[in-house]
Amino acid sequence: MDFKFTEEHIMIRDAARDFAKTELLPGVIERDEKQEFPKELIKKMGNLGFLGMMASPEYGGGGMDTISYVLAMEELSKIDASASVMVSVNNSLVCWGLDTFGTEEQKKKYLSKLTTGEKLGAFCLSEPEAGSDATSQRTTAIDKGDHYILNGTKNWITNGSSADYFLVIAQTDKEKKHKGINAFIVEKGWEGFEIGPKEQKLGIRGSDTHSLNFNDVKVPKENRIGEDGFGFKFAMKTLSGGRIGIAAQALGIASGAYELAKDYSKQRKAFGTEICNHQAIAFKLADMHTQIEAARHLVMKAAWDKDQGNNYDLSGAMAKLHASQTAMDVTVEAVQVHGGNGYVKEYHVERLMRDAKITQIYEGTSEIQKIVISRSILKD
Ligand code: CAA
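Residues numbered from 1 in each chain as written. Predicted model: local features only at pLDDT ≥ 70, side-chain atom pairs only at ≥ 80, totals over all residues. Heavy atoms only, no water.

As recorded in an unreviewed UniProt entry, the protein chain goes by Cyclohex-1-ene-1-carbonyl-CoA dehydrogenase and comes from Christiangramia oceanisediminis. What the UniProt record of the protein chain gives under Sequence similarities (unreviewed entry) is the line "Belongs to the acyl-CoA dehydrogenase family." Taken directly from UniProt, the Cofactor (unreviewed entry) text for the protein chain runs: "FAD". (UniProt positions renumbered as here; feature names shortened; annotations may be inferred.)

Participant: Which residues make up the site of the ligand, and what are the values?
Facilitator: In the region of the ligand, 25 residues are neighbours, and Ser132, Thr158, His178, Lys233 and Arg375 sit closest. A distance of 2.9 Å separates an oxygen atom of the ligand from a polar side-chain atom of Thr158. Take Ser240: an N or O atom from its side chain is 3.4 Å from a nitrogen atom of the ligand. For the ligand, the protein covers 76% of the area, taking 1,100 Å² as the surface of the free molecule. Within the residue set of the shell around the ligand, elements represented by two or more residues are helix H5 (81-101), helix H7 (231-267) and helix H11 (366-378). Of the residues forming the shell around the ligand, the biggest block, seven residues, is contributed by H7. (Near = heavy atom within 4 Å. Polar contact = N/O pair within 3.5 Å; in protein donor to acceptor, adjacent residues only side chain to side chain. Areas by Shrake-Rupley, 256 points an atom, 1.4 Å probe, with all protein chains shown as cover. Helix = DSSP H or I, 4+ residues; strand = E, 2+ residues; numbered from the N terminus.)

Participant: Go over the packing of helix H9 (residues 313-338) against helix H10 (residues 349-358) with me, naming the residues and quoting the values.
Facilitator: Between H9 and H10, the shortest axis-to-axis distance is 9 Å and the interhelical angle comes to 160 degrees. The orientation of H9 relative to H10 falls into the category roughly antiparallel. Both H9 and H10 take part in a crossing whose hand is left-handed. Between H9 and H10, the residues in contact are Ala327, Met328, Thr331, Val332, Ala334, Val335 and His338 and Val349, Glu350, Leu352, Met353, Ala356 and Lys357, respectively. Tallied by class, residues from the contact of H9 with H10 come to nine nonpolar, two polar and two charged. (Axes fitted to C-alpha atoms, helices over the stretch in contact; angles between N-to-C directions. Parallel < 35°, antiparallel > 145°, perpendicular 65-115°, else oblique. Left-handed = near helix turned anticlockwise from the far one by under 90°. Contact = heavy atoms within 4.5 Å. Nonpolar A, V, L, I, M, F, W, Y, C, P; charged D, E, K, R; others polar.)

Participant: Provide a residue-level description of the pattern of salt bridges, including the pertinent values.
Facilitator: Scanning all chains against the criterion turns up 22 salt bridges. For Lys108, the salt bridge is made with Glu104, and the minimal N-O distance between the two is 3.9 Å. Residue Lys108 and its partner Glu104 are located together in helix H6 (residues 104-114), separated by four residues, close to a single helical turn. Among the residues examined, Lys108 registers a relative accessible area of 55% and is labelled exposed. According to the relative accessible area criterion, Glu104 is partly exposed, its value standing at 38%. Where Asp143 meets Lys221, a salt bridge forms, and the shortest distance between an N and an O atom there is 2.7 Å. Note that Asp143 is positioned in strand S2 (residues 140-143) and Lys221 in the loop between strand S7 (209-220) and strand S8 (224-225), a separation of 78 residues in sequence. (Salt bridge = Lys/Arg side-chain N within 4 Å of Asp/Glu carboxyl O. Buried < 20%, exposed > 50% of the residue type's maximum accessible area, 1.4 Å probe, protein only.)

The following block contains the structure:
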């Protein structure tokens, strides 16, 4: 086994690290407080290629492997998980979904703008009554010949107001259950498409999350993705890769908090010495480091599986399950290592602790990952 990264991997990781430190770190506290993310920063991420890393170069993508992508995701997430969720949704769900399953026309018209940051994407599956139970879609798309009429509500949509293009999953034939579900590309501004108020969130507050309402929105047939009835499989396949991105985000949140705690413990003195010299703190750091390394191996294995063309449903779910638990455990301990300072904003760990929680919820809760894992290991 060779665990070495290539020179290109290291270059990409360092570019993401540099961008995170120089562009994301200044203002991260303010963005969290104000619940906003400036458009210019999204553009910068697009110009540097972070928004279409794995997409095909003929549509403006970086043509990179998944290892490169998770390395970048980890670095961005160490500093700003709000930025990295935008990157993750645009790369893993929207660009990957269109690149893999879109028509030539859809790729030319939509993907080529999403890879460069000219436009931003959102993925719309969850509904007020269909979160984990994704087959129970209430949003309907009625076939009217050359177009569909879309009606319904989507909830908790990342990039809800900043996105331009939305991949919307809807029921086209209720009788057929999951085989009667389709996915559509919907553009912001189409008649009957309304963006609801911004959610007031615990974490990833810089990223915008909204509900979306579709009232008789006319969607041209050429905007359906894949064959009729492919929508549920489209969502599942896309989310499988998305889970690797979120696992990398969780890994980044954990390693960001760990690095802050380690540095702090080497400076802060108590009882006559730096606090890292007390086993109470040193053992915490040992546990944090061990958990993070285990998460890193799972994340890299899932990314490697995807790059090798192996099935990655199981390895992606395990990576997300473990990395998100690691993010929770490590960020809580990082606050503890900081003591009172950990509870105030300027030390960053309280934000990372709040950000960590969402990695156990979105793109499938931890319980959903356990469904995927247990079904996979029990099927033989
Ligand atoms: N790849 C391909 N096909 C898949 C698949 C996969 N990974 N997973 C399931 N399928 C197929 C099955 O093979 C089956 O097809 P057939 O009938 O042809 O055999 C079909 O889909 C139905 O599968 P299941 O019977 O397993 O479906 P289920 O109802 O039991 O649900 C589930 C399975 C794993 C629980 C699924 O509902 C799920 O993943 N739920 C969570 C949804 C989720 O992640 N939501 C997050 C919202 S998106 C988000 O958070 C984005 C954001 O903004 C950050």
